[in-house]
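# Structural overview for review
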Amino acid sequence: MRYAATFCFLLACPARVWAQQLVPGAADSTMRHLSLREVVVTATRTERALTDVPIPVTVVSQQQIRAMGALRLGDVLREQTGLTTVNDHGQGIQMQGLNPEYTLILVDGEPLIGRTAGTLELSRVAVGNIQRVEVVKGPASALWGSEALAGVVNIITDKPQPGTRGDLRLRYGTNGTLDAGGTFSTKGERLGLSVFGNRYSSQGYTLGATSNGPTVPPFASYTAQSRLTYQLGARTNVSLGGRYFTESQTSDLTVSGETGGPAAVRATSRQYDYNLTPVLTHRFTDQLLTTVRLYHSGYRTREKYTYHTDGQLYDESYFHQTFTRPELQADWQLRPNQTLTTGVGYLLETVEATRYEQRQQLRAHFLYAQHDWLLTERLNLVLGARYDGHSQYAGQFSPKVSGRYQVRPWLAVRGSAGRGYRAPDFRQLYLNFSNPVVGYSVFGTNQVRAKVAQLAEQGQLAIDGETGRPVVYEAVLAQASGLTAESSVAYNLGLQLDSNEKTRLTLNAFRNDLRNLIETATVALKTNGQAVYSYRNVTRAYTQGLEADGRYRLTPQLTLSGGYQLLFAKDKSVVDKLAAGTVYRKDPQTQETQRVTPEDYGGLYNRSRHSLNVKAFYENTRAGWSASARGIYRGRYGFGDLNGNTILDAAAEYVPGYWLLNVAAAKTFRQRLSLQAGIDNVLNYTNPTYISTLPGRLYYASLALELGKRP
């Protein structure tokens, strides 16, 4: 109740202040949101005004992030139009209907590593030092390479600013969630330094009755990040950035013991990642800028399970990954209306893990070029292409063309077409795993043929009664032995309307045609009745839809915004079978076999046909009040097959749609001390069966103190 009382006080007060201060022309930062020319770098790898880029880009500012009361990257992304957070080996982001493994996550232009089954856990990224988040939709492999098939999320962190200042932040809320951190920044004539530190912990929570441990066990994580900059000369700058993250977790679980009965075990896990980025920039002339950067990153996890009764080891596993990439980029202004961006680099990636036989490594080299050409005052064309050569599979060529035409001062048309790709990951290439309890096996493409032969020699494969030979699906095995990269051809076409300084509206239609999608396949049968699995390229699919996003400044202090996405995502082979009338299902009530019609097909699992958001942001810097209310709706989506035909076609196979409502209010005193209170998930929506990451209604209160000289 004390959280509710604090929140109600803070939320009620700004409404009265707002009513008193509706003065035309009042200074307010919200008013400037629509008039400032926001600059982005991810779309073209060069600085461009947001309103001028020819492809769909969303920017979430630091001011918005703080008004939302967000703590982790997932809190920020789930409220953006066209982005959906999904749970699959962690909390990842779905963009234009494509799974998390198809979206590249960058911090200051460098990739975060450490994905589990393709998902990069968004809670690993604290937002306390984020200057802005740039979201580029549509394939960006022409500039960024693998994993950018759906798009790119680039997190831009604070840089050292002139003077010396910092801040301290503390937040406490439901489930014993504690977030504490601060920033420090100083910059002189040549030397600059920024530092960020954060501790984030929770007592965890349990949804519903469970005997197998908490839904989310207690955890504690720490993040440290810094950047040192130095101006070597009038045209030369050097910087050194670094990041370290660690998280530890302990919980008690009930598992199946050696005798087959239940056994209590204690699970302890730890993960950490780090990276280091030295960068040298030199401007040879006013027209030529070069950037040399070296990026090295590591990611490690270790899990250990021990019996409660005697402390003996039940299971233990580890995963080590490193990523090293030197790169040279040159930006050459050929003419006042033409800029050429080129780059070349090399990549070395290694992995060691319990489930891999030995240390594995992947090498690649890449070359990219982009020509940004303002043909006329109204027409801008950007042509780009990239080639990636790999040591483990065929090279990939990723071209892209995009353009923007200013039809009227308030209306612009923009469109793009390009190819994206995603390389097979280490798991799909090298995995060597046999489940000791259930008995199945999974092998990566580089292991599967030799492992199947080995199992046959050991007499572990089932024997065909007619031929007397081991049951091996040779056609599938041949496909699994020749795995190649997934790819897509994507199209985006949209309108950008800025009818007046108060209103901004963007519309974008998209389509992604996907080829060579990687799926799990059975390659052999074992004598214990279990299967031998591997991976193969077979699936063809598409996602298409429409996005609309708009903002309207109702008053100098109050901005309203909203967004909507209509999405269709389907397997093309299923569409063909439905058209041929060869797909059936059994009615669970009458046991009658029915033919499935194309209208019954709900598309790919875990995709919502409709999703939308509505938001209101209020800010009065003169009075020191700010507040926000955000509603996010996710329409129903399929979770799995219940009638045995492997496709989504029955009402019982859907998770119902739901709303999330988040509110926050803050008061700033003397432009230094800020108090904020909020409630996430006001409607207290939970779904323990299918959405374990929604813990119900969350209250929180926080304070922030700014130190040093204000800019």
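Residues numbered from 1 in each chain as written. Predicted model: local features only at pLDDT ≥ 70, side-chain atom pairs only at ≥ 80, totals over all residues. Heavy atoms only, no water.

As annotated in an unreviewed UniProt entry, the protein chain is TonB-dependent receptor from Hymenobacter cellulosivorans. The UniProt entry for the protein chain carries the following text under Sequence similarities (unreviewed entry): "Belongs to the TonB-dependent receptor family." Note on the protein chain: under the UniProt heading Subcellular location (unreviewed entry), the record states "Cell outer membrane". (UniProt positions renumbered as here; feature names shortened; annotations may be inferred.)

### Observations regarding the overall build of the protein chain
The helix and strand inventory of the protein chain stands at nine helices and 37 strands. For a compact globule of 711 residues, the expected C-alpha radius of gyration is about 27 Å, and the protein chain comes in at 27 Å, within 12% of that figure. Taking the principal axes of the C-alpha coordinates as reference, the protein chain spans close to 85 × 65 × 50 Å. Looking at the protein chain as a whole, 50% of its 711 residues qualify as buried. For the protein chain, the share of sequence-separated contacts (at least 6 apart) that also reach a separation of at least 24 residues comes to 62%. A total of about 32300 Å² of accessible surface is found on the protein chain, and carbon and sulfur atoms cover 55% of it. Both charge centroids of the protein chain, one from 75 positive and one from 58 negative side chains, sit 7 Å from each other. (Helix = DSSP H or I, 4+ residues; strand = E, 2+ residues; numbered from the N terminus. Rg over C-alpha atoms; globule rule 2.2 N^0.38 Å. Buried < 20%, exposed > 50% of the residue type's maximum accessible area, 1.4 Å probe, protein only. Contact = heavy atoms within 4.5 Å. Areas by Shrake-Rupley, 256 points an atom, 1.4 Å probe, with all protein chains shown as cover. Lys, Arg positive; Asp, Glu negative; His and termini not counted. Charge placed at Lys NZ, Arg CZ, Asp CG, Glu CD.)

### Observations regarding the pairing of strand S17 (residues 313-335)
Strand residues, when the strand is regular, have side chains that alternate between the two faces of the sheet. With 19 bridges connecting them, strand S16 (residues 288-307) and S17 associate as antiparallel partners. From the neighbouring strand, Leu288 faces S17, where its bridge partner is Trp332. Across 14 bridges, S17 lies against strand S18 (residues 338-353) in antiparallel orientation. Looking across to S18, one finds that His320 is bridged to Glu352. What sits between the antiparallel neighbours S17 and S18 is a turn of two residues. (Pairing = 2+ DSSP bridges.)

### Examining a nonpolar patch on the surface
Together, Leu191, Leu228, Tyr230, Leu232, Val238, Leu240, Leu276, Leu280, Val292, Leu328, Val344 and Leu367 make up a nonpolar patch on the protein surface, roughly 970 Å² of accessible area in all. At the level of secondary structure, the elements contributing two or more residues to the nonpolar patch comprise strand S13 (219-231), strand S14 (236-256) and strand S15 (262-283). By the secondary structure assignment, Leu232 is in the loop between S13 and S14. (Patch = residues over 30% accessible without salt bridge, like charges linked within 9 Å, V, L, I, M, F, W, Y side chains within 5 Å. Salt bridge = Lys/Arg side-chain N within 4 Å of Asp/Glu carboxyl O.)

### Things to note about the packing of aromatic side chains
One pass over the full model with this rule turns up 13 aromatic pairs. With 6.4 Å between their ring centres and 10° between their planes, Phe366 and Tyr368 make a pair best called stacked. The two residues Phe366 and Tyr368 agree in class, both being buried. Here the aromatic rings of Phe639 and Tyr690 are separated by 4.4 Å at their centres, their planes lie at 35°, and the arrangement is tilted. A residue pair is termed long-range when its members are at least 10 positions apart, and Phe639 in the loop between strand S33 (637-638) and strand S34 (654-655) and Tyr690 in the loop between strand S36 (673-680) and strand S37 (698-708) qualify at 51 residues. You can call Phe639 partly exposed: its relative accessible area is 28%. Each residue in the set Tyr305, Tyr307 and Tyr314 is aromatic and connected to the rest through ring pairs, giving one cluster. One residue, Arg511, lies across the ring of Tyr542, its end atom 4.5 Å from the ring centre. Stacked on the ring of Phe669, the Lys or Arg Lys667 has its end atom at 5.6 Å from the ring centre. (Phe/Tyr/Trp six-rings, centres within 6.5 Å; stacked < 30°, edge-to-face > 60°. Lys NZ or Arg CZ within 6 Å of the ring centre and 35° of its normal.)

### Remarks on the sheet that holds strand S8 (residues 130-137)
Taking strand neighbours across the sheet as the criterion, the five strands line up as S3-S8-S9-S6-S7 in an open arrangement whose pairing is mixed. Strand pairing shows two members of the sheet lacking a second neighbour, strand S3 (57-61) and strand S7 (110-111), which therefore form its edges. Where strand S6 (residues 103-107) and S7 come together, two bridges link them in antiparallel fashion. Across the sheet, residue Val107 finds its bridge partner in S7, namely Glu110.

### Section: the pattern of salt bridges
Here the structure, examined in full by the defined rule, presents 31 salt bridges. One salt bridge in this structure joins Glu134 and Arg132, with 2.7 Å as the shortest N-O distance. We note that Glu134, like Arg132, is buried. If you follow the salt bridges from partner to partner, you end up with Arg45, Glu110, Arg293, Arg325 and Glu327 in one network.

### Regarding the side chain of Arg48
Along the polypeptide, Arg48 turns up in strand S2 (residues 48-49). Overall, Arg48 belongs to the buried group, its relative accessible area being 15%. Of the polar contacts made by the side chain of Arg48, one reaches the side chain of Asn380; its length is 2.9 Å. Not counting the four nearest positions on each side in its chain, Arg48 is found in contact with Glu38, Val39, Val40, Val53, Asp372 and Asn380. (Polar contact = N/O pair within 3.5 Å; in protein donor to acceptor, adjacent residues only side chain to side chain.)

### Considerations on the confidence of the model for the protein chain
Considering every residue of the protein chain, the mean pLDDT works out to 88; 93% of them sit at 70 or more. Ignoring residues within four places in sequence, the model shows residues 1-36, a span with pLDDT below 50, making 67 contacts including any to other chains. (pLDDT = per-residue confidence, 0-100.)

### Describing the nonpolar core
Soluble globular proteins: nonpolar side chains tend toward being buried together. Ranked by internal contacts, the top residues of the largest apolar core, which has 39 residues, are Ile65, Leu73, Leu77 and Val133. The contacts of Val133, once residues within four sequence positions are left out, are Thr58, Val59, Val60, Ile65, Leu73, Leu77, Val153 and Asn154. Core analysis: the next-biggest nonpolar cluster, separate from the first, contains 24 residues, Phe323, Tyr393, Leu429 and Val442 among them. (Core = buried A, V, L, I, M, F, W, Y, C linked by side-chain atoms within 4.5 Å.)

### Examining the pairing of S15
Summarising the sheet, S15 and S16 pair through 17 bridges and their orientation is antiparallel. Looking across to S16, one finds that Arg283 is bridged to Leu289. Hairpin connection of S15 to S16: four residues between the antiparallel strands.

### Structural notes on the environment of Gly97
Note on placement: Gly97 falls in the loop between strand S5 (91-95) and S6. Put simply, Gly97 and Gly439 are 342 residues apart on the chain and 34 Å apart in space, counted from C-alpha to C-alpha. For Gly97, the contacting residues outside a window of four places in its chain are Thr543, Leu567 and Arg607.

### Digging into the environment of Leu554
By the secondary structure assignment, Leu554 is in the loop between strand S27 (531-553) and strand S28 (558-571). Here the alpha-carbon distance between Leu554 and Asp425, two residues 129 residues apart in the chain, equals 48 Å.

### Considerations on the UniProt feature "domain: TonB-dependent receptor plug" (unreviewed entry) in the protein chain
Look at the UniProt record and you will see "domain: TonB-dependent receptor plug" (unreviewed entry) annotated at residues 51-152. Annotation note: span residues 51-152, helix share 16%, strand share 31%, distance between end C-alpha atoms 18 Å.

### With respect to helix H7 (residues 448-457)
When H7 is considered as a whole, its buried residues turn out to be Val448, Lys451, Val452 and Leu455. Angular distribution of buried residues about the axis of H7 spans 100°; they occupy a single face of the element. For H7, exposure combined with an orientation more than 90 degrees from the buried face picks out Ala450 and Glu457. Buried residues along H7 sit against strand S23 (432-434), strand S24 (441-443), helix H8 (474-480), strand S26 (503-525) and S27. Just downstream of H7, Gly459 is the residue with a positive phi angle, here 70°. (Arc of directions from axis to C-beta.)

### What to know about the side chain of Arg422
The topology assignment puts Arg422 in strand S22 (residues 411-422). Within the structure, the side chain of Arg422 is placed 3.4 Å from the backbone oxygen of Glu101, a separation counted as a polar contact. Within the structure, Arg422 has its side chain in polar contact with the side chain of Asp425 (distance 3.2 Å).

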